[in-house]
Amino acid sequence: MRPQIMVVDDDEKITSLLRRSLAFEGYEVVTAANGIEGLKQMMSADPDLLILDIMMPQVDGWEVAQRVRESGSAVPILMLTAKDDVQDRVRGLDLGADDYLVKPFALEELLARVRALLRRKSDKSEESTSRLAYEDLALDLDSREAIRSGRTFELTSKEFDLLHLFMQNPRRVLTREMIMEKIWGYDFSGESNVLEVYIAMLRQKTEDGGSRRLIQTVRGTGYVLKGEVG
């Protein structure tokens, strides 16, 4: 699967250049014209890298980076700015950016930084494949047990597969059809409510003891692993 890169920039020329150049390098590219649009897309997309302009109207890149990190996302962030100022760079890095590039930039340097950030993400993923975590919920891939707020509970085979799918795609809306294909296979047919039954069982286990709901229903679409509704 091709790495997906999201570009958030209100400069149409920069966005067009990056879209063409990154696509030519083999990446899947999605774009947003401003910070608000970028944050909305981040709710359903799960990019492998975020290229983020700082100077945007209404919601600037600093706020976008801060809100992305507050959501729990560890997506690598490459910030672009027209300001070559140390304080600006420090602020961006303090808010969770992984790298910083000043405009105007050489395309070759940007592509090199993209490759480096994606390699770094891949290395981190390989180091932490034995456990997935979202907020206070963790899934141990070796023992196939889940842990929440210090409480460990066992999962059936299908419960594990379903929770694993959610934990691999936090904050991404998964359609009912997508879940059925991934967990029960392409040959599954009928109007069975098997998915709803397993969602209910997972909720019972993950919410036992008064923990707040993490598996949210998206009416008419499917489900999403997300800490807050809305």
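In what follows, the accompanying structure is described. The structure presented is a predicted model; accordingly, all values stated were derived computationally and were not measured.

### Let's talk about the overall build of the chain
From N to C terminus, the chain includes eight helices and twelve strands. For 230 residues, the compact-globule formula gives about 17 Å, and the C-alpha radius of gyration of the chain, at 19 Å, lands near that figure. Its C-alpha atoms put the chain at 55 × 40 × 35 Å along the principal axes. Taking all 230 residues of the chain together, the buried fraction comes to 42%. If you take every contact in the chain between residues at least 6 apart in sequence, the share linking residues at least 24 apart comes to 56%. Summing over all exposed atoms, the chain offers an accessible surface of approximately 12500 Å²; the carbon and sulfur share of this is 48%. Separation of charge centres in the chain, based on 32 positive and 40 negative side chains, amounts to 2 Å.

### A closer look at the pairing of strand β3 (residues 49–53)
With five of five residues buried, β3 lies mostly within the body of the structure. Alignment of strand β1 (residues 4–8) against β3, held across four bridges, turns out to be parallel. Looking across to β3, one finds that V7 is bridged to I51. Two elements, β3 and strand β4 (residues 77–81), share four bridges in a ladder whose sense is parallel.

### Remarks on the sheet that holds strand β7 (residues 137–140)
Whenever strands of a sheet pair, they do so through backbone hydrogen bonds, lying parallel or antiparallel. The four strands are arranged β6-β7-β8-β9 in an open sheet whose pairing can be described as antiparallel. The two strands at the open ends of the sheet, each matched to only one other strand, are β6 (131–134) and β9 (151–154). If you compare each strand with its neighbour and ignore which way they point, the axes differ by 20° on average. Of the strand pairs in this sheet, β6 and β7 are connected by four bridges, and their pairing is antiparallel. For Y134, the partnering residue across the bridge sits in β7 and is L137. Packed on one face of the sheet, helix α6 (residues 157–168) meets β6, β7, β8 (145–148) and β9 and runs near 120° to β7.

Basis of the calculations
Residues numbered from 1 in each chain as written. Predicted model: local features only at pLDDT ≥ 70, side-chain atom pairs only at ≥ 80, totals over all residues. Heavy atoms only, no water. Helix = DSSP H or I, 4+ residues; strand = E, 2+ residues; numbered from the N terminus. Rg over C-alpha atoms; globule rule 2.2 N^0.38 Å. Buried < 20%, exposed > 50% of the residue type's maximum accessible area, 1.4 Å probe, protein only. Contact = heavy atoms within 4.5 Å. Areas by Shrake-Rupley, 256 points an atom, 1.4 Å probe, with all protein chains shown as cover. Lys, Arg positive; Asp, Glu negative; His and termini not counted. Charge placed at Lys NZ, Arg CZ, Asp CG, Glu CD. Pairing = 2+ DSSP bridges. Axes fitted to C-alpha atoms, helices over the stretch in contact; angles between N-to-C directions.

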